[in-house]
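Examining the three-dimensional arrangement
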Amino acid sequence: MSRTLASHTPIPPPQSSLQSPTATTPQNVHKYSFTPIQRRRLLASLAISLTAPFLSTPITEARGLFQMPPPRLSNRYFLVRAGESEFESMGIINTNPVAKTSMDNGLSEKGKKQTVQAAFELKAMGACDQNCWIWPSITQRAYQAAEVIAAVNGVNRSCIVPEYSFLDARGLGAYEGKSLESVSEVYASDSLSQNIKPPPIDDGTPNESVADVFVRVIQLMSILETQYSEDTVVIVSPDSDNLTILQAGLLGLDLRRHRDLSFGPGEVRFVDPSSIPTYKQPASGLYKCLNPPSCN
């Protein structure tokens with residue numbers, strides 16, 4: 001019986017310390033009327049409130065906007081040229097990206113030995129003592145070199161990040177299939193202007209100027225500097241030009257003289273001015289460039 005009464009006994013509402021509002025009547029309804037808010041003004045005020053915290057940060061300080069030469073680098077970088085390829089062992093120029101994953105673009109027997117030596121050199125330099133990321137071109141010889149470097153330095157294969165386009169070998173256009181010795185003609189043009197392209201060809205091989213490659217390596221560095229911080233990155237290129245143009249830009253050297261920084265097959269270099277061999281340094285400050293690629 002008591003249970004039935006309890007279930008039907010009304011429970012008084014909790015007392016509030018707040019005074020109940022005055023009942024709305026026709027006489028006092030004007031007290032609660034609101035001025036209509038214009039939609040455009042509301043949206044504008046929201047936009048300002050959302051963007052205001054970011055207005056104090058200069059756009060140029062954004063990490064994704066990589067400039068050459070950089071005021072500082074967020075990571076340590078090691079540059080590695082892959083060992084000699086099968087095509088290079090035959091003295092033939094092969095830069096068509098269509099064939100970059102073929103076994104003919106893989107390491108020659110000599111190239112394999114050069115790559116092992118490079119891997120041990122990185123180990124001696126302590127490049128991957130605290131682990132590292134290895135960024136090779138997807139070109140066969142560069143990726144093979146990355147696997148060797150990882151094995152020798154005890155780096156997990158999951159730390160190999162293949163790069164599909166920004167590290168392709170420089171496209172030499174009509175020089176495709178010619179003797180490696182004819183590359184000297186390309187470098188003679190490079191020394192005149194970073195904008196001169198090799199003659200074109202209709203087989204799909206790009207004909208890239210120094211400035212073209214420079215754009216690619218800036219895009220690569222933008223990704224690396226945005227994606228990593230206080231890490232070590234080993235960049236593995238199938239050719240020398242990617243690395244010489246990248247290093248010239250990082251150091252503020254005239255891009256027309258990038259050839260002076262040439263990498264031999266299997267060569268390793270830490271990104272630092274002191275890492276450049278003395279005999280490869282430009283002859284004078286005349287070739288200094290503080291705003292690449294505008295070095296004229």
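Now for a description of the structure that goes with this document. (Residues numbered from 1 in each chain as written. Predicted model: local features only at pLDDT ≥ 70, side-chain atom pairs only at ≥ 80, totals over all residues. Heavy atoms only, no water.)

This part takes up the overall build of the protein chain. Helix and strand counts for the protein chain come out as 8 helices and 4 strands. Within the protein chain, the fraction of its 296 residues that count as buried is 43%. Considering only residue pairs separated by 6 or more positions, the protein chain has 76% of its internal contacts joining residues 24 or more positions apart. Surface exposure of the protein chain reaches about 17000 Å², of which carbon and sulfur atoms provide 58%. (Helix = DSSP H or I, 4+ residues; strand = E, 2+ residues; numbered from the N terminus. Buried < 20%, exposed > 50% of the residue type's maximum accessible area, 1.4 Å probe, protein only. Contact = heavy atoms within 4.5 Å. Areas by Shrake-Rupley, 256 points an atom, 1.4 Å probe, with all protein chains shown as cover.)

Here the focus is the pattern of salt bridges. One pass over the structure, following the stated rule, counts 11 salt bridges. Across the pair Glu 88 and Arg 81 runs a salt bridge, and its minimum N-O distance is 3.0 Å. Neither Glu 88 nor Arg 81 differs from the other in exposure class; each is buried. For the salt bridge of Arg 257 with Asp 260, the shortest nitrogen-to-oxygen distance reads 2.5 Å. (Salt bridge = Lys/Arg side-chain N within 4 Å of Asp/Glu carboxyl O.)

This paragraph deals with the state of the cysteines. In a disulfide, the sulfur atoms of two cysteines are covalently bonded to one another. Enumeration over the complete set of coordinates arrives at 1 disulfide. Between the sulfur atoms of Cys 128 and its disulfide mate Cys 132 the distance is 2.0 Å. For the disulfide bridge between Cys 128 and Cys 132, the dihedral angle about the S-S bond is near 75°, and by the sign convention the bridge is right-handed. Take Cys 128 and Cys 132: they sit in the same class, and that class is buried. No disulfide involves Cys 159; its sulfur sits 7.1 Å from that of Cys 132, the nearest cysteine. (Disulfide = S-S within 2.5 Å.)

In this approach a probe as big as a water molecule rolls over the atoms, and the regions it shows empty are the leftover space. There is about 410 Å³ of room inside the largest pocket. In this structure, the largest pocket is lined by 24 residues; those nearest its centre are Arg 81, Glu 88, Leu 180, Val 183 and Tyr 187. Among the elements of the structure, α3 (86-89) and α6 (183-190) are those that each provide at least two residues to the lining of the largest pocket. At 3 residues, α6 tops the list of elements feeding residues into the lining of the largest pocket. For the lining of the largest pocket, the per-class residue count stands at 9 nonpolar, 8 polar and 7 charged. (1 Å grid on protein atoms, 1.4 Å probe; cavity = no way out; pocket = protein on both sides within 12 Å on 5 of 7 lines; lining within 4 Å. Points joined across faces, edges and corners; volume = space filled by probe spheres on them. Nonpolar A, V, L, I, M, F, W, Y, C, P; charged D, E, K, R; others polar.)

Counting buried positions along helix α8 (residues 241-251) yields 11 of 11 residues, so the element is predominantly enclosed. Where α8 is concerned, the buried positions are Asp 241, Asn 242, Leu 243, Thr 244, Ile 245, Leu 246, Gln 247, Ala 248, Gly 249, Leu 250 and Leu 251. In this structure, the buried side of α8 is in contact with β1 (76-81), α6, α7 (210-227), β3 (232-237) and β4 (268-270). Phi for Gly 252, located one or two positions after α8, is positive at around 75°.

Think of an α-helix as 3.6 residues a turn; residues three or four steps apart then line up on the same face. Counted at 1.5 Å a residue, the expected span for helix α4 (residues 109-124) with its 16 residues is 22 Å, and the 23 Å between its end C-alpha atoms agrees. Where α4 ends, the next residue or the one after it, Gly 126, has phi of about 70°, a positive value. (Expected span 1.5 Å × (residues − 1).)

Attention now goes to the packing of α7 against α8. Viewed as axis vectors pointing N to C, α7 and α8 meet at an angle of 75°, and their least axial separation amounts to 9 Å. One finds that α7 runs roughly perpendicular with respect to α8. Contacts between α7 and α8 involve Val 210, Val 213, Phe 214, Arg 216, Val 217 and Met 221 on the former and, on the latter, Asp 241, Asn 242, Ile 245, Leu 246, Gly 249 and Leu 250. Looking at the contact of α7 with α8 residue by residue, the class counts come to 8 nonpolar, 2 polar and 2 charged. (Axes fitted to C-alpha atoms, helices over the stretch in contact; angles between N-to-C directions. Parallel < 35°, antiparallel > 145°, perpendicular 65-115°, else oblique.)

Strands sit in the order β2-β3-β1-β4 across an open sheet of 4 strands; the sheet is mixed. Strands with a single pairing partner mark the edges of an open sheet, and in this sheet they are β2 (133-136) and β4. Taken pair by pair, the neighbouring strands of this sheet meet at an average axis angle of 20°, ignoring direction. Pairing of β2 with β3 involves 4 bridges; the strand directions are parallel. For Pro 136, the partnering residue across the bridge sits in β3 and is Val 236. (Pairing = 2+ DSSP bridges.)

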